[in-house]
Amino acid sequence: MSEPVPKPVTASTRLAAVWGAPIRHSASPAMHNAAFAVLGLDWRYLACEVEPERLAVALEGARVMGFCGVNLTVPHKRLALEMMDVLDPSAEAWGAVNTVVFEAENAEGVWTPVGLLKNFRGPVRLRGYNTDADAIVRSLREDLLMEPRGARVLLLGAGGAGRAAALRLADEGVETLWLQNRTESKAVELAAEIADRFPAVDVRTGLPDSDVEFILNATSSGLKAEDPIPLDLEAYPVARADAVYDMIYRPSETPLLKAAREAGCRTANGLGMLLYQGAAAFELWTQRPAPIEAMRAALVREVYGTGEPR
Ligand SMILES: NC(=O)c1ccc[n+]([C@@H]2O[C@H](COP(=O)([O-])OP(=O)(O)OC[C@H]3O[C@@H](n4cnc5c(N)ncnc54)[C@H](OP(=O)(O)O)[C@@H]3O)[C@@H](O)[C@H]2O)c1
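Note that the structure is predicted; figures quoted are calculated from it, not measured.

**Considerations on the packing of helix α1 (residues 28-38) against helix α8 (residues 271-286)**
Here is step 1: Here α1 crosses α8 at 45°, and the two axes come no closer than 11 Å. Here α1 lies oblique to α8, going by the angle between them. Crossing handedness for the pair α1 and α8: right-handed. The segment α1 lies against α8, with Ser 28, Met 31, His 32, Ala 35 and Phe 36 engaging Leu 274, Leu 275, Gln 277, Gly 278, Phe 282, Trp 285 and Thr 286.
Here is step 2: Its residues placed into classes, the contact of α1 with α8 shows 7 nonpolar, 5 polar and no charged.

Following this line, the structure appears as structure tokens:
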């Protein structure tokens, strides 16, 4: 079947984007532009390198230029909490913003996503959401066949994505959660928050003293070829886990996933998480059901260069 041809860019084309630093690895443009094309929407999705000290300026620029939506990735998700006009309960609950919806008032004075409005005057406000947290749980279930409820989990990383995953896994009812982060104080702080909000969860910092059902990497170590494995494999051999999930999807097999595969663990990369967080963002911006299969196919092509993941 031939690929749908995107509409030509005109002065009416609606804009969305992902911002981060680094950003060149991002497969989000391929996924979202495929979705716009398949639905015949006159929208485009860009990727821009935005340094954290420029995030507030970039958001102001997008606000005045009529952007409809923005995704935020490393290292913006926590920072952006302070920069939103309104926080959706998802961003409040999971403590990070990965999706911004630009809103203006419609003719009845109701705040509406800008993407649904042909003409609008007056102020634009920024509403921050978190679509990562639900996406990670869905991807763990579908791609790794892992049920968080009652599981023992080692979570690596306590940045925006790690924090959202830790809180969401606690909400799912994991039995024991070990938090390990390069900067230990962040893991300690997050553990205290989980102990307070989810007293039924046994939360600890450092490496487990038992086997675990799965290890989840939410650090950015593995994005670059020279990055170290974010787990001391001598102190905690990866074979002590049944399965390993890495939120990184490019490279499609990080050194951690390779070690896990060689040790006989089930493995999955973060492509499924990217897909589900992106589909949720797409629906918030356009208020249309996301064409999931077209988005998945575009991601697989972009990341693996073929039709098949493995
Ligand atoms: N698949 C998806 O849809 C998806 C969604 C969200 C995020 N992600 C991925 O998840 C990762 C984290 O994203 P984020 O938004 O949480 O980023 P972030 O807020 O910048 O946090 C980065 C985390 O990585 C740790 N880290 C960085 N370099 C490290 C190293 N060399 N060794 C050990 N730990 C290191 C940091 O530890 P410190 O606290 O010590 O700095 C921190 O915990 C990124 O790779 C991102 O691409 C994927």
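**Focus: the environment of Gly 69**
Here is step 1: Among the structural elements, Gly 69 can be located in strand β3 (residues 69-72).
Here is step 2: The buried category is assigned to Gly 69, whose relative accessible area is 0%.
Here is step 3: Taking the C-alpha atoms as reference points, Gly 69 and Arg 127, separated by 58 residues in sequence, lie 9.6 Å from one another.
Here is step 4: Not counting chain neighbours up to four residues away, the residues in contact with Gly 69 comprise Leu 15, Ala 16, Ala 17, Val 100, Phe 102 and Trp 285.

**Concerning empty space enclosed by the protein**
Here is step 1: Tallied over the full model, the rule gives 1 cavity of 30 Å³ or more.
Here is step 2: Every residue lining the largest cavity is listed: Ser 221, Gly 222, Asp 227, Pro 228, Ile 229, Pro 230, Asp 246, Thr 254, Pro 255 and Leu 256.

**Topic: the site of the ligand**
Here is step 1: Neighbouring the ligand are 26 residues; Lys 77, Ala 161, Asn 181, Thr 183 and Lys 186 lie closest to it.
Here is step 2: Contacts to the ligand include Gly 159, whose backbone N or O atom sits 3.3 Å from an oxygen atom.
Here is step 3: Protein burial of the ligand: of its 930 Å² of free accessible surface, 86% is covered by the chains.
Here is step 4: Taken atom by atom, the bulk of the ligand overlaps the largest pocket.
Here is step 5: At the level of elements, α5 (160-172) and α8 are the ones that each hand at least two residues to the shell around the ligand.

**A look at the pairing of β3**
Within a regular strand, side chains alternate between the sheet's two faces.
Here is step 1: By the alternation rule, side chains of β3 split into Gly 69 and Asn 71 and Val 70 and Leu 72, which are all buried.
Here is step 2: Here 4 bridges tie strand β1 (residues 14-20) to β3, and the two strands are oriented parallel to one another. Note that in β3 the partner of Ala 16 across the bridge is Gly 69.

Conventions we followed
Residues numbered from 1 in each chain as written. Predicted model: local features only at pLDDT ≥ 70, side-chain atom pairs only at ≥ 80, totals over all residues. Heavy atoms only, no water. Axes fitted to C-alpha atoms, helices over the stretch in contact; angles between N-to-C directions. Helix = DSSP H or I, 4+ residues; strand = E, 2+ residues; numbered from the N terminus. Parallel < 35°, antiparallel > 145°, perpendicular 65-115°, else oblique. Left-handed = near helix turned anticlockwise from the far one by under 90°. Contact = heavy atoms within 4.5 Å. Nonpolar A, V, L, I, M, F, W, Y, C, P; charged D, E, K, R; others polar. Buried < 20%, exposed > 50% of the residue type's maximum accessible area, 1.4 Å probe, protein only. 1 Å grid on protein atoms, 1.4 Å probe; cavity = no way out; pocket = protein on both sides within 12 Å on 5 of 7 lines; lining within 4 Å. Points joined across faces, edges and corners; volume = space filled by probe spheres on them. Near = heavy atom within 4 Å. Polar contact = N/O pair within 3.5 Å; in protein donor to acceptor, adjacent residues only side chain to side chain. Areas by Shrake-Rupley, 256 points an atom, 1.4 Å probe, with all protein chains shown as cover. Sits in = over half its atoms within 2 Å of the grid points. Pairing = 2+ DSSP bridges.

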